[in-house]
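Close look at the chain arrangement
Residue strings, one per chain:
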Amino acid sequence: MLAVILASLVGCGASDYGLAPDRTGDGHAPMDDLLPTDDLGDGAAFAAWKSPATPLPVTTAGAQAPHATLSAARPATVRVEAFGVGPAPAPVADFLFVIDDSVSMKEVMGPFSAGIASLLQRGVFPSGSRLAVLNTTPGDPVELSMPHPVVPPKGDDDLAPGFLALVDGARIAAYRAVAPKRYARRYVLDGCDAWFAPGAQNAQGLPCLLAHTQIPLLPARAEAGLVALRQWLEASDAPHFRAGASVNVVYISDTHDPGLSPERIAELGPDGQGLVAARPDFATLRALVSEPVAAFRVHAIAPATHCSDERWAEPTYFDVVAEGGGVAADICVTRDYAPVIGAIAQAGSVRQEPVLRLGYPAARVEGVADEDGPVAWSPTDDPQAIVLDGGLPASVRQFRVRYRPGAGAAAGVR
């Protein structure tokens with residue numbers, strides 16, 4: 001359905017930019033000195049135009065003038081990008097998988113392995129997606145480099161590749177070198193960059209998703225994934241997600257936060273009570289995302305019933321999913337995760353905010369218009385994203401942004 005909507009938007013008539021109707025039959029409308037381009041960059045536009053290459057001035061001797069002459073005449077490329085904005089999925093999506101890596105996951109390893117394998121099919125994730133993996137071990141609130149006091153030290157949890165950090169190749173290699181062999185040996189695949197495309201492969205030619213979802217099956221301890229996510233978001237001011245992306249956090253666990261039975265929480269006294277008190281609700285997590293994102297939701301593939309040795313009293317992951325309008329599935333019976341991701345892509349990636357991710361960082365945004373003419377907009381702290389001042393349209397509308405790319409330049413220069 002979205003493809004049909006966007007296709008119709010490409011064929012819309014003239015805009016404030018003086019776009020002529022399509023006279024070439026290629027589905028694009030040329031304008032001024034701009035030509036259609038397939039280069040959409042790392043943005044959410046469904047069509048783009050840019051200034052064509054300008055010939056260098058020719059001297060009387062027939063030689064081309066220096067590049068400085070061209071730079072003075074045309075200091076920057078001009079781009080116009082078209083966006084479909086409204087209650088529809090945004091094509092740029094960040095999927096953060098928060099995975100339980102404890103020993104109790106052995107009880108659901110069959111469904112878990114089959115589910116991860118199902119995500120390797122083509123077309124499961126939106127085309128502009130990227131993926132990353134974190135684990136569910138909480139950190140010590142006093143010293144985040146160490147596991148929470150309720151976590152027994154015998155598993156060396158602070159060494160795990162996904163402990164309060166995104167799994168990547170360097171962390172997997174370091175874990176193999178220093179972790180106890182009974183855990184390190186479970187990482188047979190080399191890793192990749194922390195964020196990777198759905199079809200990305202490691203140096204061995206194997207899927208990065210398989211490499212980053214290897215789990216060491218660490219000894220019994222707290223699996224407080226909500227707390228771990230909160231701590232990861234709080235630990236650094238550096239961007240966690242792409243500006244303008246639809247952010248989808250997906251929990252995969254055989255239990256619910258905090259991963260401890262009520263009796264065990266009581267036995268742990270202040271440490272157990274403190275861990276429970278630190279558990280965030282959906283609103284808290286959303287407030288911790290400082291980037292201007294198009295949407296933020298939490299989803300979970302977690303137990304609806306008890307199907308492992310873990311004893312939980314409240315379905316806390318499902319509670320947060322419900323608070324934010326996410327997607328839930330039962331890990332005890334779900335072996336194909338592709339439909340879950342499909343549901344997330346359709347419902348979970350729908351824009352909540354009128355944030356547009358440009359194909360490239362902007363040195364200067366020259367204007368924004370919809371079918372009726374110019375519209376008000378505001379810059380963000382990220383030069384690759386702007387916000388429409390009028391809020392999210394009630395139905396999908398086409399917006400076009402004209403700007404001059406410039407790496408590292410400030411957005412919002414009008």
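Look a little higher up for the structure.
Here is a short report on the structure shown in this document. (Residues numbered from 1 in each chain as written. Predicted model: local features only at pLDDT ≥ 70, side-chain atom pairs only at ≥ 80, totals over all residues. Heavy atoms only, no water.)

A word on the overall build of the chain. Scanning the chain for helices and strands turns up 12 helices and 14 strands. Taken across its 414 residues, the chain has 53% of its residues classed as buried. (Helix = DSSP H or I, 4+ residues; strand = E, 2+ residues; numbered from the N terminus. Buried < 20%, exposed > 50% of the residue type's maximum accessible area, 1.4 Å probe, protein only.)

Glancing now at the sheet that holds strand 9 (residues 355-357). Two pairing modes exist for strands in a sheet, parallel and antiparallel, and in both the strands are linked by backbone hydrogen bonds. What the 3 strands build is an open sheet, ordered 9-13-12; its pairing is antiparallel. Edge positions in the sheet fall to strand 9 and strand 12 (377-379), since each of these pairs with one other strand and no more. In this sheet, adjacent strand axes meet at a mean angle of 30° when their direction is disregarded. By the bridge criterion, 3 bridges tie strand 9 to strand 13 (residues 385-388) in an arrangement that is antiparallel. The residue of strand 13 that forms the bridge with Leu356 is Ile386. (Pairing = 2+ DSSP bridges. Axes fitted to C-alpha atoms, helices over the stretch in contact; angles between N-to-C directions.)

Our next topic: the side chain of Glu81. Structurally, Glu81 can be placed in strand 3 (residues 79-85). Within the local environment of Glu81, its side chain forms a polar contact with the side chain of Arg79, the two groups lying 2.9 Å apart. Discounting chain neighbours no more than four positions away, the residues touching Glu81 are Ala45, Ala47, Ala48, Leu358, Gly359, Phe399, Arg400, Val401 and Tyr403. (Polar contact = N/O pair within 3.5 Å; in protein donor to acceptor, adjacent residues only side chain to side chain. Contact = heavy atoms within 4.5 Å.)

Turning to the state of the cysteines, a few remarks are in order. Each disulfide consists of one covalent bond between the sulfur atoms belonging to two cysteines. On inspection of all chains with the given rule, the structure shows 2 disulfides. Paired by a disulfide, Cys307 and Cys332 hold their sulfur atoms 2.0 Å apart. The S-S bond linking Cys307 to Cys332 shows a torsion near -75°; that makes this disulfide left-handed. Linking Cys307 in the loop between strand 7 (295-302) and helix 11 (316-324) with Cys332 in the loop between strand 8 (328-330) and helix 12 (338-348), this pair joins segments that are 25 residues apart in sequence. (Disulfide = S-S within 2.5 Å.)

This part is about unusual backbone geometry. Looking along the chain, the bond that leaves Asp257 and enters Pro258 is cis, with omega of 15°. Mapping Pro258 onto the fold places it in the loop between strand 6 (246-252) and helix 8 (262-267). Not every positive phi belongs to a glycine, and Leu164 is a case in point at roughly 50°. Its place among the elements puts Leu164 in the loop between strand 5 (128-135) and helix 4 (169-178).

This brings us to the pairing of strand 5. Judged by how many residues are buried, strand 5 sits mostly within the fold: 8 of 8 residues are covered. Because side chains alternate across strand 5, one face comprises the buried residues Gly128, Arg130, Ala132 and Leu134, and the other comprises Ser129, Leu131, Val133 and Asn135, equally buried. Here 8 bridges tie strand 4 (residues 92-99) to strand 5, and the two strands are oriented parallel to one another. Opposite Ile99, over in strand 5, you have Asn135 as the bridge partner.

The next thing to look at is the sheet that holds strand 1 (residues 35-37). Taken in spatial order, the 6 strands line up as 1-2-3-14-10-11 in an open sheet, and their pairing is antiparallel. Edge positions in the sheet fall to strand 1 and strand 11 (373-374), since each has one partner strand and no second. Of the strand pairs in this sheet, strand 10 (residues 362-370) and strand 11 are connected by 2 bridges, and their pairing is antiparallel. Opposite Ala369, over in strand 11, you have Pro374 as the bridge partner.

Right, let's get into the packing of aromatic side chains. The full count for this structure, using the stated rule, is 7 aromatic pairs. For the pair Phe282 and Phe296, a centre-to-centre distance of 5.7 Å together with 35° between the ring planes defines the contact as tilted. Placement of the pair is Phe282 in helix 10 (residues 282-288) and Phe296 in strand 7, with a sequence separation of 14 residues. You can call Phe282 buried: its relative accessible area is 12%. Residue classification places Phe296 among the buried positions, given a relative accessible area of 1%. Here a set of aromatic residues connected by ring pairs shows up, and it is made of Phe95, Phe97 and Phe125. (Phe/Tyr/Trp six-rings, centres within 6.5 Å; stacked < 30°, edge-to-face > 60°.)

Moving on, we come to the environment of Gly205. Tracing the sequence through the fold places Gly205 in the loop between helix 5 (181-184) and helix 6 (208-212). For Gly205, a relative accessible area of 34% translates into the label partly exposed. Considered as a pair, Gly205 and Asp190 are 15 residues apart in the sequence and their alpha carbons are 9.7 Å apart.

A surface patch of like charges, here positive, comprises Lys106, Arg182, Arg185 and Arg186. Following the sequence through the fold, Arg185 ends up in the loop between helix 5 and helix 6. For Arg185, a relative accessible area of 60% translates into the label exposed. (Patch = residues over 30% accessible without salt bridge, like charges linked within 9 Å, V, L, I, M, F, W, Y side chains within 5 Å. Areas by Shrake-Rupley, 256 points an atom, 1.4 Å probe, with all protein chains shown as cover. Salt bridge = Lys/Arg side-chain N within 4 Å of Asp/Glu carboxyl O. Lys, Arg positive; Asp, Glu negative; His and termini not counted. Charge placed at Lys NZ, Arg CZ, Asp CG, Glu CD.)

Turning next to the nonpolar core. Core analysis: the biggest nonpolar cluster contains 44 residues, and Phe95, Phe97, Leu119 and Ile252 have the highest contact counts within it. Those elements that place two or more of their residues in this core are strand 4, helix 3 (109-118), strand 5, helix 4, helix 5, helix 6, strand 6 and helix 12. In this structure, Leu119 is in contact with Phe97, Val124, Phe125, Leu209, Tyr337, Ala338 and Ile341, ignoring residues within four places of it in sequence. Core analysis: the next-biggest nonpolar cluster, separate from the first, contains 26 residues, Trp195, Phe282, Val289 and Val321 among them. (Core = buried A, V, L, I, M, F, W, Y, C linked by side-chain atoms within 4.5 Å.)

For the rest of this paragraph, the subject is helix 11. Residues Thr316, Tyr317, Phe318, Val320, Val321 and Gly324 constitute the buried set of helix 11. Next to the buried residues of helix 11 lie helix 7 (225-235), strand 6, helix 10, strand 7 and strand 8. Trailing helix 11 by a residue or two, Gly325 shows a phi angle of about 70°, which is positive.

Before going further, it helps to examine the pattern of salt bridges. On inspection of all chains with the given rule, the structure shows 17 salt bridges. Taking the shortest distance from any N to any O, the salt bridge between Arg279 and Glu314 comes out at 3.8 Å. Within this pair, whereas Arg279 is found in the loop between helix 9 (270-277) and helix 10, its partner Glu314 is found in the loop between strand 7 and helix 11, the two being separated by 35 residues in sequence. Looking at Arg279, the relative accessible area reads 22%, which means it is partly exposed. The closest approach of N and O atoms between Glu366 and Arg402, which form a salt bridge, is 3.3 Å. Of the two residues, Glu366 sits in strand 10 while Arg402 sits in strand 14 (residues 397-405), which places them 36 residues apart along the sequence. Note on Glu366: relative accessible area 34%, which makes it partly exposed. Ionic contacts of the salt-bridge type, sharing partners, join the residues Asp42, Asp94, Arg130, Arg242 and Arg357 into one network.

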